[in-house]
Amino acid sequence: MIQTDSRELATAETATKPYAGNPIRRVLDAIGVQNISLIIALVLLCAIIGSQNSNFFLISNVKTIGTTVAIVGILAVVQTVVMLLGGLDISVGSAAGLTSVISAMVFMSAKSAALGIAVALVVGVAVGLLNGIVIVYGRVNAVIATLATYAGLRGLANLISNGRAQGYTGTDSTFTFLARGSLGGIPILVWVLIIIALAVHLMLRYTDIGRNIFAIGGNPTAARLAGINLNRYVVGCYVLVGLVAAVAGVLLTARTGSGQPTSGSQGLELQSITAAALGGVALQGGKGGISGTVLAVILLGVLQNGLTILGVNSFWQDIAQGALLIVAVVIQQRRRGVRAYGLPR
Amino acid sequence: MQLTGAGAQVTAPRLRAETISKAFSGVQALSEVSLDVRAGEVLALMGENGAGKSTLLRVLSGDHQPDSGRLILDGAAVSFATPAEAHRAGLRVIQQEPEIVPHVSVAENVYLGELPRRGRVVNKRALFAQVRTDLERYGFAQALDPATLGADLSPAQRQMVEILRALASPVRVIAFDEPTSSLADHEVAALFDLIRRLRDDGVAIIYVSHRMPEIFTIADRVAVLRDGRFVGERSIAVTDTDELVRMMVGRDLSEIFVRTPRSTVDAGEGDVPVLELRELETDDVHGINLRVRAGEVVGIGGLMGAGRSELAHAVVGDLPIRSGYVAVSGKQLRLRSPADALRAGIGFAPEERKAQALLLRRSIRDNISLAILARLSRARIVRRGEERDIARNFVRQLSIRTPSIEQEVGNLSGGNQQKVVLARWLARRPKVLILDEPTRGVDVGAKAEIYSIINQLAEEGMALLVISSELPELLGLSDRVLVMQEGRITGELSRGEATEEGVLALAMADDLSTTGESA
Ligand SMILES: Nc1ncnc2c1ncn2[C@@H]1O[C@H](COP(=O)(O)OP(=O)(O)OP(=O)(O)O)[C@@H](O)[C@H]1O
Ligand SMILES: [Mg+2]
């Protein structure tokens, strides 16, 4: 219609000019407030710890931090994906424990690290499939479903291992390479974290899969009516988590030199959820990203390391982590402008 | 200012807004708006989508704090930090999209926080008796059952609950934000009766709507906003549609809607319809037969609750089909989810934009491209340049008022959100497009644009099924109108024979037809 000419021009102009503002503002916008506050917190924390104990800045200590955060880091990355989808996976720690035991046991009986790792990964995928199918086709709430597998998988891991550490992988070249090797000066464990984080980041940001994950988390009804196959995405995401949990299990075996049913994997679910929430992933789904989660993982790692080298009781570390989670979520709710009445969602 | 004396009472405004300004990041929603509303009058507030009407009402209701300016209620300056404070002062705003507690009954929703009690125990009998009298008094008794759960209410019913809630305690000023956008005609009539009664009781009423005929029916005075500024006010007696439109858009709008007659497609025997429904049965609709040919716009009329939306949801596989089938281009579909329907070429823009269509926390760009991501991707990578171009084009074509395509959809005005929903499906261009209340909350200028787009899509061979409660829209757009009542199709009217009366007669159940005529 001819009569809309003048207005068309006006709106077109405003629409093509994304931000009328200075370049600094644009850079800050691109990084995001959440990430900026995490970076500031990280810098402050490093400064405080470093001023108390200069060993903190040693290359060896930085490597220690890197290797300790790697396992919880990869779990936090995939936890981010399920949380974006509006779900949660409490069973990641148990799944890591189970696959740790399995990788060591298969390795011992078959004398093949590759086979041990492969079987562990297959089991991880199966665990993810189970979670996804129970949630989608059983129509079970994600928290409840993974709470069940959290307990069940832990039991299974203890059952097949009699509750004891299994095998010895400390002499196998593959496992020792994973645990202590490095490439270009960077530990393999850290490489694994970098690769998984980068791959998931790229998927979320640049592919239609990532967009659809955000859509499902933001408004499942709208996503469904827009033709997105929700079931496939939910199952797919839980399978991804299962697979990565198995990677974590294998790394756990490599680091400790044996298959561990519970030690080392217990608490990973809580830590991964804490990191994702601290990184700005909305607990109601649809909002957040990998960069925030990775920053939060580093922050938590530095905190833990700092408290350790400053000789603080490890129980205090748990308390600090819990407090941090509350603070992070309160800040998130404030920023979301959640009104001060009604039950929080 | 005089505060006392009978003469002063008549002329002094009940509520005065003085030079109210309000900005959101990057958007000046209101700049120095001043407005009066007197006791016992209905002031209509008009303006294009995004002009600032809802923002002004949110300032009145204590939802937003103005950046500058003040409110004067009966001569005394007031300010409200929360909606509760505004309530206590007797100011009520009926929101565009009311919030209802889903898990409790209508009755409890109405008296939330003020439930009648015996000791600590809620007196259910007294509560329901009270709500029944209210329903009777305000004319909603037919449409609303006090025992229904909040989650099961239609948009119109939610609106009624919100109104009942507002009237549960004394009011001095009541504002309605597009109350009729989800009401059927006889409900509109009931609402107008209610508004007149409130007006006669000396309540000051602010009424926001995009529907011209309503303004001339109910309003005493009209105030117009444009781009967040007050442009003027007119007494209803001395103004007309053309002048109001000119004030709103700032120029002449030569025609509201051009009705382009399409060459009626020949219903030859060999001619396969693009969409065909055969004896379709679901929980809510029964024995539906209908065909839509390429290039045809078929309208579906009927009252709220007639099963029109349920039919649409069944056709796209969102509700289970008991028997009968849906076919596209002669091929029967097995529908398990909307993904199946879309694969076969059926797109659907649902009625409730916030609940069913929009990702409120994502950008306009993300929302528009949602149904075309696969098409936009190469090796699963979304081509962002192209995506942005598409979003920009629709922002321009539908005049979506926003500082940028990266704006979160939740920050847009209601009408602009609706345009984003449409843009998603216009971008997708399915073979069959089902539109449920496509122009709800959209202003006159953009409506005309949407109608011409629908016409053009039909001309290019799309088959369209349009559900609308706005009769002029239904009659203006459709080549044929089907009317539904209680889940069944009660009649079909061709473009030539369709009239508002004809549609209404088919839409009303026999035992309701008398109330319908009196409404
Ligand atoms: N929370 C917010 N953040 C940013 N911008 C906002 C916010 N709320 C409103 N706006 C902007 O303020 C302007 C006025 O919006 P408002 O909702 O008042 O319009 P309206 O006149 O009610 O339009 P409609 O007829 O479509 O309902 C719009 O441009 C809108 O995008
Ligand atoms: Mg509005």
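Residues numbered from 1 in each chain as written. Chains lettered and ligands numbered in written order. Predicted model: local features only at pLDDT ≥ 70, side-chain atom pairs only at ≥ 80, totals over all residues. Heavy atoms only, no water.

Structural notes on the overall build of chain A
Next, step 1: What chain A contains, in helices and strands, is 15 helices and 2 strands.
Next, step 2: Since a compact globule built from 345 residues should have a radius of gyration of about 20 Å, the 22 Å found for chain A is in line with a globular shape.
Next, step 3: The buried share of chain A, reckoned over its 345 residues, is 50%.
Next, step 4: Of the contacts made within chain A by residues no fewer than 6 positions apart, 77% connect residues no fewer than 24 positions apart.
Next, step 5: Accessible area of chain A: about 16,100 Å², with a carbon and sulfur share of 67%.
Next, step 6: Between the averaged position of the 21 positive side-chain charges in chain A and that of its 9 negative side-chain charges there is a distance of 7 Å. (Helix = DSSP H or I, 4+ residues; strand = E, 2+ residues; numbered from the N terminus. Rg over C-alpha atoms; globule rule 2.2 N^0.38 Å. Buried < 20%, exposed > 50% of the residue type's maximum accessible area, 1.4 Å probe, protein only. Contact = heavy atoms within 4.5 Å. Areas by Shrake-Rupley, 256 points an atom, 1.4 Å probe, with all protein chains shown as cover. Lys, Arg positive; Asp, Glu negative; His and termini not counted. Charge placed at Lys NZ, Arg CZ, Asp CG, Glu CD.)

A word on the side chain of A:N219
Next, step 1: Within the secondary structure layout, A:N219 lies in the loop between α10 (208–218) and α11 (220–225).
Next, step 2: For A:N219, a relative accessible area of 8% translates into the label buried.
Next, step 3: Here B:A355 takes part through its backbone oxygen, which lies 3.3 Å from a polar atom of the side chain of A:N219.
Next, step 4: Non-local contacts of A:N219, meaning those with residues more than four positions away in its chain, are made with B:K354, B:A355, B:Q356, B:A357, B:L358 and B:L359. (Polar contact = N/O pair within 3.5 Å; in protein donor to acceptor, adjacent residues only side chain to side chain.)

Let's talk about the confidence of the model for chain B
Residues and elements named next belong to chain B.
Next, step 1: Mean pLDDT over chain B: 87, with 92% of residues reaching 70 or higher.
Next, step 2: Long-range and interchain partners of residues 1–9, a stretch whose pLDDT sits below 50, account for 6 contacts in this model, where long-range means more than four residues apart.
Next, step 3: Of the regions scoring below 50 in pLDDT, residues 511–519 engages in 5 contacts with residues more than four places distant in sequence or in other chains.
Next, step 4: Here the complex is predicted with pTM 0.86, and the ipTM for its interfaces comes to 0.84. (pLDDT = per-residue confidence, 0-100.)

Side note on the domain arrangement of chain B
Next, step 1: According to the domain assignment, chain B consists of domain 1 (29–100 + 155–160 + 170–249), domain 2 (102–152) and domain 3 (268–508).
Next, step 2: Once you take the C-alpha centre of each, domain 2 of chain B and domain 3 of chain B turn out to be 35 Å apart. (Domains from an automatic or database assignment.)

Some details on the pattern of salt bridges
Next, step 1: Taken as a whole and judged by the stated rule, the model has 41 salt bridges over all chains.
Next, step 2: Close ionic contact of A:D208 with B:R380 constitutes a salt bridge, the shortest N to O distance being 3.0 Å. With A:D208 in helix α10 and B:R380 in the loop between β19 (377–378) and β20 (381–382), the pair connects residues from two separate chains.
Next, step 3: Looking at A:D208, the relative accessible area reads 5%, which means it is buried.
Next, step 4: The class of B:R380 is partly exposed, set by a relative accessible area of 45%.
Next, step 5: A salt bridge links B:R336 to B:D340, with the shortest nitrogen-to-oxygen separation between them at 3.4 Å.
Next, step 6: A relative accessible area of 13% means that B:D340 is categorised as buried. (Salt bridge = Lys/Arg side-chain N within 4 Å of Asp/Glu carboxyl O.)

Some details on the nonpolar core
Next, step 1: Ranked by internal contacts, the top residues of the largest apolar core, which has 135 residues, are A:I213 and B:L464.
Next, step 2: No other element matches the 15 residues that helix α12 (residues 230–256) of chain A contributes to this core.
Next, step 3: Residues contacting A:I213, with those up to four places away along its chain left out, are A:V81, A:L84, A:L85, A:M203, A:L204, A:Y233 and A:C237.
Next, step 4: One finds B:L153, B:L183, B:V222 and B:M247 within the second-largest nonpolar core, a separate group that totals 50 residues. (Core = buried A, V, L, I, M, F, W, Y, C linked by side-chain atoms within 4.5 Å.)

Regarding the site of ligand 1
All names here are of chain B.
Next, step 1: Around ligand 1, the surrounding shell holds 21 residues, and the nearest of these are G50, S54, T55, S413 and G415.
Next, step 2: One nitrogen or oxygen atom from the main chain of G50 is found 2.8 Å from an oxygen atom belonging to ligand 1.
Next, step 3: Measuring from an oxygen atom of ligand 1, one finds a backbone N or O atom of G415 at 2.7 Å.
Next, step 4: For ligand 1, the accessible surface in isolation is 640 Å², of which the surrounding protein chains cover 92%.
Next, step 5: For the shell around ligand 1, the secondary structure elements donating two or more residues are β2 (27–37), α2 (53–60) and α16 (414–428).
Next, step 6: When grouped by side-chain class, the residues that make up the shell around ligand 1 number 5 nonpolar, 12 polar and 4 charged. (Near = heavy atom within 4 Å. Nonpolar A, V, L, I, M, F, W, Y, C, P; charged D, E, K, R; others polar.)

Quick look at unusual backbone geometry
All names here are of chain B.
Next, step 1: Unusually for a residue other than glycine, D227 sits at a positive phi of about 50°.
Next, step 2: Looking at the element boundaries, D227 is found in the loop between β11 (221–226) and β12 (229–235).
Next, step 3: The phi angle at E486 is positive, at roughly 45°, despite the residue not being glycine.
Next, step 4: Counting through the fold element by element, E486 comes out in the loop between β23 (480–485) and β24 (488–494).

Focus: the sheet that holds β11(B)
Residue and element names in this part refer to chain B.
Next, step 1: Strand order in the open sheet formed by 6 strands is β6-β9-β10-β3-β11-β12, with mixed pairing between adjacent strands. Edge positions in the open sheet fall to β6 (91–94) and β12, since each of these has one partner strand only. For this sheet, the mean inter-axis angle between neighbouring strands, taken without regard to orientation, is 20°.
Next, step 2: In this structure, strand β9 (residues 173–177) lies alongside strand β10 (residues 204–208), joined through 5 bridges in parallel fashion. Bridged to I174 within β10 is I205.
Next, step 3: Each of β3 (42–46), β11 and β12 is contacted by helix α9 (residues 241–249), which is oriented at about 30° to β11, the strand it contacts most. (Pairing = 2+ DSSP bridges. Axes fitted to C-alpha atoms, helices over the stretch in contact; angles between N-to-C directions.)

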